[in-house]
Amino acid sequence: MSKEKTGSSRRDFLLKTITLAPAMAISGSGLGALTAAAPAVAKDHIPAGTQKARDYQPTWFTPEEYAFLQAAVARLIPADERGPGALEAGVPEYIDRQMNTPYGTGANWYMQGPFHPDADPALGYQLPLIPRDIYRLGIADADAVAKAQLGKTFSQLSGDQQDALLQAFEAGHVEFRQVPATVFFSFLLQNTREGFFSDPIHGGNQGMVGWTLINFPGARADFMDWVERGERYPFPPVSMRGERA
C-alpha cells in the first residue's frame, strides 16, 4: 500500500470519526483508519516538523516494549502535512501513565469468571486479562511474529512493514500465542486515539495538537453559543491547567 494512501486515509478517517463525536476529545478515558474515508474540515495545521514529544522515561513499560509503542502509534496516527502525529503528541507517555492507573490495573473492572472469549461481543469483554496484561503479552507476541516473519522486532522494521503487520493484527490474520491479536490491536488503537485527543494533563495531546487539528476549544468554560453558528471557532484551545495552544 502506498505511503500516500495509508497516510492520508488514516488521518482522514481519524478526522471524520472525531469530528462526528467531538465530545470525546476532552476525555481521558485507526489502523481501521486505513479504510478510505472523506476528509473532515480541520483548523490550520501545526507543521509536523515543529514539535517533538518531551523527553520521557517510561515507568511501567520496558525499553523494548516502549520502542514498540513508539513505533506503533507513529503508524496509527502519522505526522503529515496537517500536523504532528501520535508520537510527536506524546501518546506513548499517555499510555505508559495509564498503566499505573485503575484503568491499567483493571481495578474498576468486573473480573470474575466464567470467561467466554467466543461469546457475542454485545455481552462485553470476556478475557481474564487487564490492560497491563494485554499490553505486556500482546507486545511480546507482536515482536515474536515480526521476528518470525521478517527477522527483526517490530520497532526495527520499515514503515511499510509495520503497516502490513498492524493490518494483519487488526484483521486477525496472524495468531498470537498469549492474547488474541485483534484484542491487542483494539486496545492499542483506542488508547492511541485517547492519548491524541485527551487533555494534556494525562500526558498526551502535547501542545494540544489533537485539539488544534479538529478546532476543538478544549476545557473552555462556555463555547456553546458557537455551536449553531456554522462558523469556525476563533479562539485557541485551552487545557484544564489553563495552557493555551
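All values reported here derive from a predicted model rather than from experimental measurement. (Residues numbered from 1 in each chain as written. Predicted model: local features only at pLDDT ≥ 70, side-chain atom pairs only at ≥ 80, totals over all residues. Heavy atoms only, no water.)

**Describing the overall build of the chain**
We count it as follows: Per the convention used, a helix needs a DSSP run of H or I reaching at least four residues, while a strand needs a run of E reaching at least two, with both numbered from the N terminus. Only protein chains enter the area calculation, which uses a 1.4 Å probe; residues under 20% of their type maximum are buried, those over 50% are exposed, and those in between are partly exposed. Per-residue and other accessible areas were derived by the Shrake-Rupley procedure at a 1.4 Å probe size, with only the shown protein chains allowed to occlude residues.
Along the backbone of the chain there are eight helices and zero strands. For the chain, the succession of helices and strands along the chain, N to C, is α-α-α-α-α-α-α-α. Taking all 245 residues of the chain together, the buried fraction comes to 47%. For the chain, the exposed area adds up to about 12,100 Å²; of that, 54% sits on carbon and sulfur atoms.

**Quick word on helix 3 (residues 91-98)**
Burial of helix 3 is extensive: seven of the eight residues sit out of reach of the surface. Listed as buried for helix 3 are Val-91, Pro-92, Glu-93, Tyr-94, Ile-95, Asp-96 and Gln-98.

**Things to note about the pattern of salt bridges**
Note the following rule: When a carboxyl oxygen of Asp or Glu is within 4 Å of a side-chain nitrogen of Lys or Arg, the pair counts as a salt bridge.
Tallied over the entire structure, the rule returns six salt bridges. The salt bridge involving Glu-93 is made with Arg-97; its shortest N-O contact spans 3.1 Å. Of this pair, Glu-93 and Arg-97 both sit in helix 3, four residues apart, which is roughly one turn of the helix. Overall, Glu-93 belongs to the buried group, its relative accessible area being 4%. By sharing partners, the salt bridges in this structure join Arg-54, Glu-93 and Arg-97 into a single network.

**Concerning the environment of Asp-141**
Going by this rule: Contacts: residue pairs with any heavy atoms within 4.5 Å of one another.
Within the element layout of this structure, Asp-141 appears in helix 5 (residues 131-150). Remark: the alpha-carbon pair of Asp-141 and Ala-181, spanning 40 residues in sequence, is separated by 8.3 Å. Those residues within four positions of Asp-141 in sequence are excluded, and the remaining contacts are Phe-176, Arg-177, Gln-178 and Val-179.

**As for the packing of aromatic side chains**
Counted only if it meets this: What counts as a ring pair is set by centres within 6.5 Å for rings of Phe, Tyr and Trp (its six-membered ring), and what kind of pair is set by the plane angle: stacked under 30 degrees, edge-to-face over 60, tilted for all other angles.
Under the criterion given, the structure shown has 15 aromatic pairs. Residues Tyr-125 and Phe-187 carry aromatic rings whose centres are separated by 6.0 Å and whose planes lie at 65 degrees to one another, so their mutual orientation is edge-to-face. With Tyr-125 in the loop between helix 4 (102-105) and helix 5 and Phe-187 in helix 7 (residues 181-197), the pair connects residues that are 62 residues apart, well separated along the chain. Here Phe-169 and Phe-176 contribute two aromatic rings whose centre-to-centre distance is 5.0 Å and whose plane-to-plane angle is 70 degrees, an arrangement assigned as edge-to-face. Since its relative accessible area comes to 0%, Phe-169 is described here as buried. What links up through ring pairs into an aromatic cluster is the set Trp-60, Phe-61, Phe-68, Tyr-135, Phe-154, Phe-169, Phe-176 and Phe-184.

**A word on the confidence of the model for the chain**
Defined as follows: Each residue carries a pLDDT value, the predictor's own confidence for that position, ranging from 0 to 100.
Averaged over every residue, the pLDDT of the chain is 84; the share at 70 or more is 80%. Scored below 50 in pLDDT, residues 19-43 makes 75 contacts in the model with residues more than four places away or belonging to other chains.

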